[in-house]
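Survey of secondary and tertiary structure
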Amino acid sequence: MTFLSKEDISVVLCGEAGQGIRTVETILVQAIKRSGYNIFSTKEYMSRVRGGQNSTQIRVSSHRVSSYVKRIDILFALSSGAIKHLEDRISSDTCIIGDSEHIKSIRDDNTQKSPQKSHLELKENYNFLEIPLIKTAQEMGSLIFANVIAAGVLSCILNIPREIFDSLIHDIFARKGDEILQSDLKAGEAGYNIGRELIDSSSDINQLKLSVSSDVKDELLINGTDAVGFGCLAGGCRFMSSYPMTPSTPLQGFLAANAHDFELIYEQAEDEIAAINMALGASYAGARSIVATSGSGFALMEEGVGLAGMIETPVVIYIAQRPGPAVGLPTRTSQEDLNLALYSGTGEFPRIIFAPGKLEDAFILTQKAFNLAEKYQIPVFILTDQYFADFYYNIPSLPLNDVQNENYLIKTTPEYKRYLLTHDGITPRGIPGYGEGFVVVDSDEHDEEGHITEDLVLRKQMVDKRLKKCNQMKEDAIPPELIGPSDYECLVIGWGSTYWPIREALENIIKTDPNRKISFLHFKQIYPFHKSVTEYLERAEDVIIFENNAQGQMANLIQLETGLKIQEKLLKYDGMPFSVEEVERSLKKFMGISDTDITPVMGVSK
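Notes on the structure follow. Since this is a predicted model, take the numbers as computed values, not measurements.

This part takes up the environment of phenylalanine 520. Note that phenylalanine 520 resides in strand S17 (residues 518-523). It is 44 Å that separates the C-alpha atoms of phenylalanine 520 and glutamate 130, two residues lying 390 residues apart in sequence. Among residues more than four places away in sequence, those in contact with phenylalanine 520 are Glu481, Leu482, Ile483, Leu491, Val492, Ile493, Gly494, Tyr499, Ile502, Arg503 and Leu506.

In structure tokens:
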């Protein structure tokens, strides 16, 4: 096989929930990065504790990689169901490594479905490499060692030095005691020996030889959740209240784990309604506050969003999107909650919505969200999704030099009016106990002091006051990022987590056709739009948008805000992210570029 001579290798681990795939992934991603390779990792998993089939993709590269690809170069099958689960991604170039028992089960299953085919013919359809994974684990005393053995096999094939592998085993298992640590070190050694035997005995596989970089060894390897979490800490977050809900729960765990060191209070509320009201209470008292949830959990928070709008109290709301309606697909990905965030809460009041596409953006947008929530006294949303929250890749550092927190609290005087009418709609914000003033808030319409009113003239003035903020918010809006030439003819649009698949696909096209005038416009601020958006759209002859939802929610918002209708919408809503290959094929088809390997891979709306 020739794939190990490539500069970018896609390795996929697949097995049942409970088999320890997470352990293998943890060992491999750290070992690969410490060895000087660039890495990208993402996972897809079923909503169950045991059984089913889960998989993790790890891209190992001599250059930076940040996107999910459909291609599988090496498949490590930890269960007999792995092949069926991933059969649409397996090609004749895929090398399948698995235990003899699992591979026999796969062949038997295929033979029953196609009895006219012999075992030999089925083996020729798949590139199987059998290893004694289960037998070796049993000889060591327990099947629990199978995951470390598997990690050792792959580490040998990926040319990871033993000292790096052993160091990681020590870091992960030392806290469990020396006996367990020594057993896992022996399991890793057994895996390395199996990997060496594979390389020596088979012409189907050889040891990976990529160029390494000493700089990569010291870089950060974090996921989307970590980037948002660091942004919360950098933004001065002091309070989080949330109810656990996939895929937002990891952010709750991140802030809870760091609460002591950063003087932050984390409260696991009894439900989402309590969570947002707690956050508003903490914010009223002066603490920068956040809630984290997913779509159906956020649906319970909507009354609290309206309360934030009425009492003009800042709050940051993190929504990690997943497919709906209702519980939908709890562990899959989507971009279906844009409308939910945009139109949440009764009445009319301002809000800001961010949707990061890369780790650096997640950090700086989250930090900025706390500043803007305080400045305008509004809810600010951060939209991610399961894919973004879970993927890893290495970066040199986070943009710490861009962090600047702004204090908008004032010391009140005895004459203080919480909702004083001002020319820009922003009343200087006081909090209880800081100064001599009395800070009154109420969920009903109120006068300048905060007391309930039914004065209809004053009602109109208060609505106008809140909406006046929109003018300045547009001035503070972050412009979309343009990748490619400014004299483009075709403009590709994406938002949130579609950033890297679209960008990599576009770069692949430009490599083969450098004169093609095509560019990519990525939205990291979804609402309100920056003033440059209309100009970008009007400049293009053709516009195409990629979204992970069924109705083109962003395309519809663009039409609503600019009056310009996007005719070509590439919409994917099966719970999986866009792969680089499907974006590339769709763009080639849209632009009339010949490609014999174009297949229908997603819903298309025109």
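Now, onward.
For helix H1 (residues 21-34), with 14 residues, the first-to-last C-alpha span of 20 Å sits near the 20 Å given by 1.5 Å per residue. Those residues of H1 that sit buried are Ile21, Val24, Glu25, Ile27, Leu28, Val29, Ala31, Ile32 and Lys33. Just past H1, the residue glycine 36 takes up positive phi, approximately 100 degrees.

On to the packing of aromatic side chains, then. Under the counting rule described, the total for this entry stands at 13 aromatic pairs. Between phenylalanine 298 and phenylalanine 381, the ring centres sit 5.6 Å apart and the planes meet at 85 degrees, which makes this aromatic pair edge-to-face. One end of the pair, phenylalanine 298, is in helix H13 (residues 295-299); the other, phenylalanine 381, is in strand S13 (residues 379-385), with 83 residues separating them in the sequence. On the basis of relative accessibility, which here comes to 0%, the residue phenylalanine 298 falls in the buried class. An angle of 90 degrees between the planes, with centres 4.9 Å apart, marks the rings of tyrosine 499 and tryptophan 500 as edge-to-face. On the accessibility criterion, tyrosine 499 (0% relative accessible area) is buried. The exposure class of tryptophan 500 is buried, given its relative accessible area of 18%. The ring of tyrosine 192 has arginine 162 sitting right over it, with the charged end atom 5.2 Å from the ring centre.

Attention shifts here to the sheet that holds strand S7 (residues 220-223). Taken together, the eight strands give an open sheet; going across it, the order is S6-S5-S4-S1-S3-S2-S14-S7, and neighbouring strands pair in mixed fashion. Each end of this open sheet is capped by a strand with a single partner; those strands are strand S6 (127-131) and S7. With strand direction ignored, the average angle separating the axes of adjacent strands in the sheet is 20 degrees.

Turning our attention to the nonpolar core. Counting residues in hydrophobic clusters, the biggest one holds 68 residues, and the most contacted among them are Ile290, Tyr318, Val492, Phe546 and Leu587. In terms of residue count, helix H16 (residues 359-376) provides more of this core than any other element does, 10 residues in total. Not counting residues up to four positions away in its chain, the partners in contact with valine 492 are Ile502, Leu506, Ile518, Ser519, Phe520, Leu521, Ile544, Phe546 and Leu587. Counting residues in each nonpolar core, the second largest holds 52 residues, with Ile9, Ala146, Ile169 and Leu198 among its members.

A word on the pattern of salt bridges. It is possible for side chains of opposite charge to pair when their charged atoms get near one another. A complete count under the given rule lists 26 salt bridges for this structure. Ionic pairing is found between lysine 465 and glutamate 312, a salt bridge with its closest N-O pair at 2.9 Å. Taken together, the positions of lysine 465 in helix H18 (residues 456-476) and glutamate 312 in the loop between helix H14 (302-311) and strand S11 (315-321) put the pair 153 residues apart, joining distant regions of the chain. Comparing lysine 465 with glutamate 312, the two get one shared label, buried. Between lysine 517 and aspartate 487 there is a salt bridge, with its nearest N and O atoms 3.6 Å apart.

Here the focus is unusual backbone geometry. The step from threonine 246 to proline 247 runs through a cis peptide bond, and the omega angle for that step is 0 degrees. Secondary-structure assignment places proline 247 in the loop between strand S8 (239-242) and helix H11 (249-258). The residue glutamine 377 is not glycine, and still its phi comes out positive at about 60 degrees. With respect to the helices, strands and loops of the structure, glutamine 377 is situated in the loop between H16 and S13.

Let's shift gears to the environment of serine 100. Mapped onto the elements of the fold, serine 100 is located in helix H3 (residues 100-113). Put simply, serine 100 and aspartate 178 are 78 residues apart on the chain and 32 Å apart in space, counted from C-alpha to C-alpha.

Packing of helix H6 (residues 146-157) against helix H8 (residues 178-201) brings their axes to within 7 Å, and their N-to-C directions diverge by 45 degrees. Comparing their axes, H8 and H6 come out oblique. Handedness of the H6/H8 crossing: right-handed. Each of Val148, Ile149, Gly152, Val153, Ser155, Cys156 and Ile157 in H6 lies in contact with H8, whose residues at this interface are Asp184, Ala187, Gly188, Gly191, Tyr192, Ile194, Gly195, Arg196, Leu198 and Ile199. Tallied by class, residues from the contact of H6 with H8 come to 10 nonpolar, five polar and two charged.

Our focus in this paragraph is the packing of H1 against H6. Packed helices, taken two at a time, are described by the angle between their axes plus the distance between the axes. The contact between H1 and H6 brings their axes to 9 Å, and the two run at 35 degrees. Between H1 and H6 the crossing geometry is right-handed. Note on element contacts: H6 touches H1 through Asn147, Ala151, Leu154 and Ser155, opposite Thr23, Val24, Ile27 and Leu28. Of the residues in the contact of H1 with H6, the class split is five nonpolar, three polar and no charged.

Calculation rules
- The residue numbering used here restarts from 1 in each chain and proceeds along that chain's sequence as written.
- Only residues with pLDDT of at least 70 get local features here, since the model is predicted, and only at 80 or more are side-chain atom pairs given and counted; chain-wide, interface and lining totals rely on the full set of residues.
- Hydrogens and waters are ignored; side-chain quantities use all the structure's heavy atoms.
- In DSSP terms, a helix is any run of H or I states spanning at least four residues, a strand is any run of E spanning at least two, and both are numbered starting from the N terminus.
- Throughout, a residue-residue contact means that at least one pair of heavy atoms, one from each residue, lies within 4.5 Å.
- Working rule for helices: expected span equals 1.5 Å times residues minus one.
- Summary of the burial criterion: residues with accessible area below 20% of their type's maximum are buried, those above 50% are exposed, and those between are partly exposed, where the area comes from a 1.4 Å probe applied to protein chains only.
- Centres within 6.5 Å make a pair out of two Phe, Tyr or Trp rings, where for Trp the six-membered ring is used; the pair is then stacked when the planes are under 30 degrees apart, edge-to-face when over 60, and tilted otherwise.
- A ring has a charge above it when a Lys NZ or an Arg CZ is no more than 6 Å from the ring centre and no more than 35 degrees off the ring normal.
- Strands pair, by our definition, only if DSSP identifies at least two bridges between them.
- A fitted line through C-alpha atoms serves as each axis, taken over the contacting stretch for helices, and the angle formed by two N-to-C directions is quoted from 0 to 180°.
- Take the buried residues of types Ala, Val, Leu, Ile, Met, Phe, Trp, Tyr and Cys, join any two whose side-chain atoms come within 4.5 Å, and each joined set is a nonpolar core.
- The salt bridge definition used is simple: a Lys or Arg side-chain nitrogen within 4 Å of an Asp or Glu carboxyl oxygen.
- For this classification, under 35 degrees means roughly parallel, over 145 means roughly antiparallel, 65 to 115 means roughly perpendicular, and everything else is oblique.
- The hand of a helix crossing depends on one turn: near helix anticlockwise from the far one by less than a right angle means left-handed, and clockwise means right-handed.
- Gly is put with the polar residues, along with every residue not named as nonpolar or charged; the nonpolar set is Ala, Val, Leu, Ile, Met, Phe, Trp, Tyr, Cys and Pro, and the charged set is Asp, Glu, Lys and Arg.

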